[in-house]
Amino acid sequence: MLFDFQQHRLVFKFRAGTSRGSYTEHYVQYLRYVDEDNPSHVGVGEYAPLPDLSPDTSSALLFAHETAKWHYERQSLILSDSTYSKGQDGIQINGLIWMGDFDTMRQRIEEKLSAGFQCLKLKIGAINFDEEMTLLKMIRSRFPKDVIELRVDANGAFSPGDDVRRKLDVLAKLDLHSIEQPIKAGQWSEMASLCRETPLPIALDEELIPDHNGLVKCGVTEYRKELLDTIQPQYIILKPSLHGGLRGCDDWISLAESKGIGWWATSALESNVGLNAIAHWVAQHIDRLRKEKGDAYTPLPQGLGTGQIYTNNIDGYPLHLVGDRLFCRF
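Residues numbered from 1 in each chain as written. Predicted model: local features only at pLDDT ≥ 70, side-chain atom pairs only at ≥ 80, totals over all residues. Heavy atoms only, no water.

(A) Local environment of the overall build of the protein. Looking only at helices and strands, the protein has nine helices and 13 strands in total. The C-alpha radius of gyration computed for the protein amounts to 19 Å, which stays within 12% of the reference 20 Å derived for 330 residues, consistent with globular compactness. For the protein, the spread of C-alpha atoms along the three principal axes comes to 65 × 50 × 40 Å. Out of the 330 residues in the protein, the part that is buried amounts to 54%. In the protein, once contacts between residues fewer than 6 apart in sequence are set aside, the share between residues at least 24 apart is 71%. Put simply, the protein has 36 plus and 45 minus side-chain charges, and the middle of one group is 3 Å from the middle of the other. (Helix = DSSP H or I, 4+ residues; strand = E, 2+ residues; numbered from the N terminus. Rg over C-alpha atoms; globule rule 2.2 N^0.38 Å. Buried < 20%, exposed > 50% of the residue type's maximum accessible area, 1.4 Å probe, protein only. Contact = heavy atoms within 4.5 Å. Lys, Arg positive; Asp, Glu negative; His and termini not counted. Charge placed at Lys NZ, Arg CZ, Asp CG, Glu CD.)

Following this line, the structure appears as structure tokens:
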């Protein structure tokens, strides 16, 4: 078997803002597995690290190899045998509202609501907090929590201590589902205290990116176990290209479920190549949980809406969005 990399420059349809800066383009590489005796037999995976988020790109490379191998072995873009892959069920996703000025964010909110999204996730922490509260109050005044689920992602923008606690108290009055990464990663003691006392469920994201010193000290699984035992969050959010590839995220899920911690998955700005793989991986877990928990189980909305953000995404993948549900259809 041969393999090679092909680079591609993805161009955003808009300036994608976070509290750590904005993206207008994303350079990715496509890893190809090629059968040297049959060059038409290929497997493609996506290597799409986010340099500003993690200096360690090993998870992104692992994800590329895992998914190229998966595609190569299946010889199909239909990567799983699931209710999703058979077109029997769609995966509900959240509508992501990127940061921007007040009017831009309000317009994006209206577009997602008009499209039928029942779960919105707002990036917060870059514009004035009172303006962000005005946007959240606008949604809540029109749609109660049993109609629209609201999540916010601070990307570590709040300061530890009185600042974050005050803001959590204010946000909790709006019946939010959760807040993602309210303070910067690496402050385990402070984050543990927040998760114990918070009026609003907290989800970890950047916190799950491995710390090299911790990994050297105790190994990968023990490190993950120690993090969850110490912080005891209400949720974790899994990005395979940041959190140990698919197998690493399987490990996170197993540990979280054993401790009663909820989870959902998101893409990390991958193109349709990586997004397709993540969707099939998530679908397998959804089917598993349905079998284990029966009719009482309702999957959480996943963060798999990044297929809509690029002007030059990769065509030909069976990703079809209807309202707020992602379907596997050509």
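Once you've had a look at it, read on.
(B) Up close: the environment of Ala-115. Checked against the element boundaries, Ala-115 lands in helix α2 (residues 102-115). Residue classification places Ala-115 among the partly exposed residues on the basis of a relative accessible area of 39%. Spatially, the C-alpha atom of Ala-115 lies 34 Å from that of Leu-31, the residues being 84 residues apart in sequence.

(C) Quick peek at the pairing of strand β13 (residues 325-328). Pairing between strand β4 (residues 91-92) and β13: two bridges, direction antiparallel. What sits directly across from Ile-91, in β13, is Leu-326. In the sheet, strand β12 (residues 319-322) pairs with β13 via four bridges, with the strands oriented antiparallel. Residue pairing in the sheet places Leu-321 in a bridge with Leu-326 of β13. Counted between consecutive antiparallel strands, the loop separating β12 from β13 contains two residues, among which Gly-323 sits at a positive phi close to 60 degrees. (Pairing = 2+ DSSP bridges.)

(D) Region of the structure containing the packing of aromatic side chains. Taken as a whole, this structure holds eight aromatic pairs when the rule is applied. Centroid distance Phe-5 to Tyr-47: 6.4 Å. Interplanar angle 65 degrees. Geometry classified as edge-to-face. With Phe-5 in strand β1 (residues 2-18) and Tyr-47 in strand β3 (residues 38-47), this residue pair connects regions lying 42 residues apart in the sequence. Residue Phe-5 is classed as partly exposed on the basis of its relative accessible area of 35%. Tyr-47 gets classed as buried once you look at its relative accessible area, which sits at 15%. For Lys-167, the ring lying beneath its charged end belongs to Phe-129, and the centroid distance is 5.2 Å. Positioned above the aromatic ring of Phe-327 is the side chain of Arg-329, whose terminal nitrogen or guanidinium carbon lies 4.3 Å from the ring centre. (Phe/Tyr/Trp six-rings, centres within 6.5 Å; stacked < 30°, edge-to-face > 60°. Lys NZ or Arg CZ within 6 Å of the ring centre and 35° of its normal.)

(E) Structural detail: the pairing of strand β7 (residues 149-153). Burial analysis of β7 places four of its five residues in the buried class, the great majority of the element. Since strand β6 (residues 119-123) and β7 lie parallel, the crossover through helix α3 (residues 129-142) that links them has a hand, and here it is right-handed. Here β7 pairs with strand β8 (residues 178-180) via three bridges, running parallel. Counted as the bridge partner of Val-152 is Ile-179 from β8. Tracing the backbone out of β7, into helix α4 (residues 162-172) and back to the parallel element β8 gives a crossover that is right-handed. (Right-handed = clockwise from strand over helix to strand, strands pointing away.)

(F) A look at helix α5 (residues 188-197). Those residues of α5 not exposed but buried are Trp-188, Met-191, Ala-192, Ser-193, Leu-194 and Cys-195. The secondary structure elements touched by the buried residues of α5 are α4, β9 (202-204) and α7 (220-231).

(G) View of empty space enclosed by the protein. For the structure shown, the criterion picks out three cavities of 30 Å³ or more. Reported here for the largest cavity is a volume of approximately 50 Å³. Lining the largest cavity, in full, are Val-44, Thr-67, His-71, Leu-77, Leu-79, Val-273, Asn-276, Ala-277 and Tyr-317. Taken together, the elements giving at least two residues each to the lining of the largest cavity come down to α1 (58-74) and α9 (272-293). (1 Å grid on protein atoms, 1.4 Å probe; cavity = no way out; pocket = protein on both sides within 12 Å on 5 of 7 lines; lining within 4 Å. Points joined across faces, edges and corners; volume = space filled by probe spheres on them.)

(H) The layout of surface pockets, seen in detail. In this structure, the largest pocket encloses a volume near 610 Å³. Around the largest pocket, the lining comprises 35 residues; the ones closest to its centre are Leu-96, Trp-98, Leu-269, Thr-306 and Ile-309. Counting only elements with at least two residues in the lining of the largest pocket, the list comes to β1, β5 (95-97), α2 and β6. Residue contributions to the lining of the largest pocket peak at three residues, all from α2. Of the residues in the lining of the largest pocket, the class split is 13 nonpolar, 11 polar and 11 charged. (Nonpolar A, V, L, I, M, F, W, Y, C, P; charged D, E, K, R; others polar.)

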